[in-house]
Amino acid sequence: MITAIVLIGADIHQIPETAQAVAEIPGVTEVYSCAGDVDLIAKVRVRNHEEIASVVTGAINRLPGVRTSATHIAFRSYASAEVEGGFSIGEA
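No experiment lies behind these values; they were computed from the predicted model shown.

K.L.:
Please provide a residue-by-residue account of the pairing of strand E3 (residues 40-46), values included.
P.N.:
Covered by surrounding structure in E3 are Leu40, Ala42, Val44 and Val46 only, the residues Ile41, Lys43 and Arg45 on the alternate face being uncovered. Taken together, the seven bridges between strand E1 (residues 2-10) and E3 define a ladder with antiparallel strand orientation. Counterpart to Ala4 in the pairing with E3 is Val44. As paired elements, strand E2 (residues 28-33) and E3 share five bridges and run antiparallel to each other. Among the inter-strand pairings, Glu30 is bridged to a residue of E3, identified as Lys43. What sits between E2 and E3 in their antiparallel hairpin is a turn of six residues, with Gly36 showing a positive phi close to 125 degrees.

What follows is the structure in structure tokens.
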């Protein structure tokens, strides 16, 4: 499976509706409303790169409340135990 993180700039008057619409798109596993440079963050899990294009450009970017998006493809995922282990290398 391929994981992509999509940062979404949304119309400020439609954030909850846009988040719900994004969450209903097949391939989108999670959507977060957040503070900062972006309004929504969506996690996309699909089988191949062509599906990322379908989900992002074919569905997410066509929603009325979406103003901008930036897609980041993940190479690896790390669980909290793996991250903690990586930072404790060499510690007694």
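Structure's up, so let's keep going.
K.L.:
How would you explain the sheet that holds E3 if you had to name every residue and give the values?
P.N.:
In a beta sheet, neighbouring strands pair by backbone hydrogen bonds and run either parallel or antiparallel. Strands sit in the order E2-E3-E1-E4 across an open sheet of four strands; the sheet is antiparallel. The sheet terminates laterally at E2 and strand E4 (66-73), the two strands that pair on one side only. The sheet shows a mean angle of 20 degrees between the axes of neighbouring strands, direction not considered. Helix H1 (residues 15-23) contacts E1, E2, E3 and E4 of the sheet and is inclined by roughly 165 degrees relative to E2. Contacting E1, E2, E3 and E4, helix H2 (residues 49-56) crosses the sheet at an angle of about 165 degrees to E4.

Here is what the cut-offs are and how they apply
- Residues numbered from 1 in each chain as written.
- Predicted model: local features only at pLDDT ≥ 70, side-chain atom pairs only at ≥ 80, totals over all residues.
- Heavy atoms only, no water.
- Buried < 20%, exposed > 50% of the residue type's maximum accessible area, 1.4 Å probe, protein only.
- Helix = DSSP H or I, 4+ residues; strand = E, 2+ residues; numbered from the N terminus.
- Pairing = 2+ DSSP bridges.
- Axes fitted to C-alpha atoms, helices over the stretch in contact; angles between N-to-C directions.
- Contact = heavy atoms within 4.5 Å.

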